Amino acid sequence: WRGREGAPYSTLVPSDEVTINYRHGLPVITLTLPTRSERCRFTVKPVVTTVGAFLQDVQREDKGIERAEIFATDGSKVSDATLMEVLLMNDFKLVVNNTAYSVSPPAKEMLSSEHATEMEDIKSLVHRLFVALHLEDHQIRKERELLQKLDHLKEELLPLEQMKARITDRADAKTSRLLWVGLALMSTQGGALAWLTWWVYSWDIMEPVTYFITYGSAMAFYAYFVLTKQDYIYPDAKDRQFLHYFYQKSKKQHFNVERYNKLKEDLAEAEESLRRLRQPLHLRLPIQEINDKD
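Owing to the predicted nature of the structure, the values given are computational and were not obtained by experimental measurement.

**A few points about the overall build of the chain**
Within the chain one finds seven helices and seven strands. Ordering the α and β elements of the chain from the N terminus gives β-β-β-β-α-β-α-β-β-α-α-α-α-α. Each of the 294 residues in the chain was classed as buried or not, and the buried ones make up 27%. Sequence-distant contacts in the chain: of pairs separated by 6 or more residues, those separated by 24 or more amount to 60%. Surface summary for the chain: the accessible area is close to 20200 Å², and the carbon and sulfur share equals 56%.

If you want it as structure tokens, here you go:
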């Protein structure tokens, strides 16, 4: 092996004397310093560090180094302005004083896999650090925001709740009156049929009348099903009539049912978010923080 100007080197050292490994995505070049006879690691940033900067770092580390150069495998000298990223793509010779080191960078496939693994480790470490340092503050801040939102929603809902309670009471009272009126009408009808059967006419005359009354009731129930798509079940019919009176009175008193329902949904969502937030919060916060909120 001959270097620049054909001058022979006294020693050609095998490639294991200079090794290149990757730590946290950066190449680490390890070599033996000639004067101190100890192994030294140099971490380089391949996209910004040049060959000249790397060689200066080597000479700065060992003052006994008078000459440090890098040659390609064909014997041509590598310019000091060459980026280390370009240099590490191929094998090269590192010359320190009169000793030439044969260097073989890791294969590109190995580099990509190891670099990806290191980056995943860094991301995982950063995430754990963020959680350890900022999660509690974030949870406290988020809890305060939810509490403020709950107070605001409750303030908006308070007058609507009072108005809804009044409308509900009136609609319920009117529905109850309607049920009692229905009972009274059925009782009156039964009494009238009995009086006509035993005191005015005979059963032979009243039998067809009761038949047509029963048939008319069946037609009324069927008409109810056609109009509402529901069977005539007393609880369901009562609820339907209650809603009819409720919306009727809400319209008269300008009660916004849609806005009320939207506020109730937002309130339930905020309460659920607060409940989910407080479970890990109580496990992580200091005791005095928990006591202050309770």
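Let us keep going from here.
**Side note on the packing of aromatic side chains**
Within the structure shown, the criterion is met by five aromatic pairs. Both rings, one in phenylalanine 246 and one in phenylalanine 255, keep their centres 6.3 Å apart while their planes meet at 80 degrees; by these two values the pair is edge-to-face. Given a relative accessible area of 5%, phenylalanine 255 falls into the buried group. Consider the rings of phenylalanine 255 and tyrosine 260, whose centres lie 5.7 Å apart with planes at 50 degrees: the pair is tilted. Summarising the burial analysis for this pair, phenylalanine 255 and tyrosine 260 share the class buried. Feature note: the residues Phe246, Tyr247, Phe255 and Tyr260 constitute an aromatic cluster, connected by ring pairs.

**Focus on the UniProt feature "transmembrane region" (unreviewed entry) in the chain**
Summarizing the sequence annotation, UniProt attributes the feature "transmembrane region" (unreviewed entry) to residues 178-197 and 209-227 in the numbering used throughout. The span residues 209-227 carries 100% helix and 0% strand; its end-to-end C-alpha distance comes to 27 Å.

**Description of the sheet that holds strand β4 (residues 38-43)**
One open sheet accounts for three strands, arranged β2-β3-β4; its pairing is antiparallel. Only two strands of the sheet have a single partner each, and these edge strands are β2 (19-23) and β4. Geometrically, the sheet is characterised by an average inter-axis angle of 30 degrees between neighbouring strands, direction not taken into account. Strand direction decides the pairing type here: β2 and strand β3 (residues 26-33), joined by five bridges, are antiparallel.

**Describing the side chain of aspartate 62**
Along the chain, aspartate 62 falls in the loop between α1 (51-61) and β5 (68-72). Looking at aspartate 62, its side chain comes within polar contact range of the main-chain nitrogen of glycine 64, at 3.0 Å. Apart from residues no more than four positions distant in its own chain, aspartate 62 is found in contact with Leu33, Pro34, Thr35 and Arg36.

**What to know about the environment of threonine 175**
Residue position: threonine 175 is located in helix α3 (residues 108-200). Sequence separation of threonine 175 and glutamine 241 is 66 residues, and the distance between their C-alpha atoms is 6.6 Å. Not counting the four nearest positions on each side in its chain, threonine 175 is found in contact with Lys238, Gln241, Phe242 and Tyr245.

**Here we look at the pairing of β4**
As defined by bridge partners, β3 adjoins β4 across six bridges and the pair is classed as antiparallel. Within β4, the residue paired with leucine 33 across the bridge is glutamate 38. Turn length for the β3-β4 hairpin, with the two strands adjacent in sequence and antiparallel, is four residues, and the turn residue serine 37 shows positive phi of about 55 degrees.

**Observations regarding helix α4 (residues 203-228)**
Each turn of an α-helix holds 3.6 residues, which means side chains three or four residues apart point in the same direction. Over its 26 residues, α4 extends 37 Å from the first C-alpha to the last, a length consistent with the 38 Å expected when each residue adds 1.5 Å. Backbone geometry just downstream of α4 places lysine 229 in the positive-phi region, at approximately 60 degrees.

**Things to note about the pattern of salt bridges**
Taken as a whole and assessed by the stated rule, the structure comprises seven salt bridges. Across the pair glutamate 69 and arginine 67 runs a salt bridge whose closest N-O atoms are separated by 2.8 Å. What makes glutamate 69 buried here is its relative accessible area of 6%. Assessed through its relative accessible area of 23%, arginine 67 is described here as partly exposed. Between aspartate 266 and lysine 262 there is a salt bridge; the shortest N-O distance is 2.9 Å. One end of the pair is aspartate 266 and the other is lysine 262, both in helix α6 (residues 257-284) and four residues apart, which spans about a single turn. Judged by its relative accessible area of 46%, lysine 262 falls in the partly exposed class.

Rules behind the numbers
Residues numbered from 1 in each chain as written. Predicted model: local features only at pLDDT ≥ 70, side-chain atom pairs only at ≥ 80, totals over all residues. Heavy atoms only, no water. Helix = DSSP H or I, 4+ residues; strand = E, 2+ residues; numbered from the N terminus. Buried < 20%, exposed > 50% of the residue type's maximum accessible area, 1.4 Å probe, protein only. Contact = heavy atoms within 4.5 Å. Areas by Shrake-Rupley, 256 points an atom, 1.4 Å probe, with all protein chains shown as cover. Phe/Tyr/Trp six-rings, centres within 6.5 Å; stacked < 30°, edge-to-face > 60°. UniProt positions renumbered as here; feature names shortened; annotations may be inferred. Pairing = 2+ DSSP bridges. Axes fitted to C-alpha atoms, helices over the stretch in contact; angles between N-to-C directions. Polar contact = N/O pair within 3.5 Å; in protein donor to acceptor, adjacent residues only side chain to side chain. Expected span 1.5 Å × (residues − 1). Salt bridge = Lys/Arg side-chain N within 4 Å of Asp/Glu carboxyl O.

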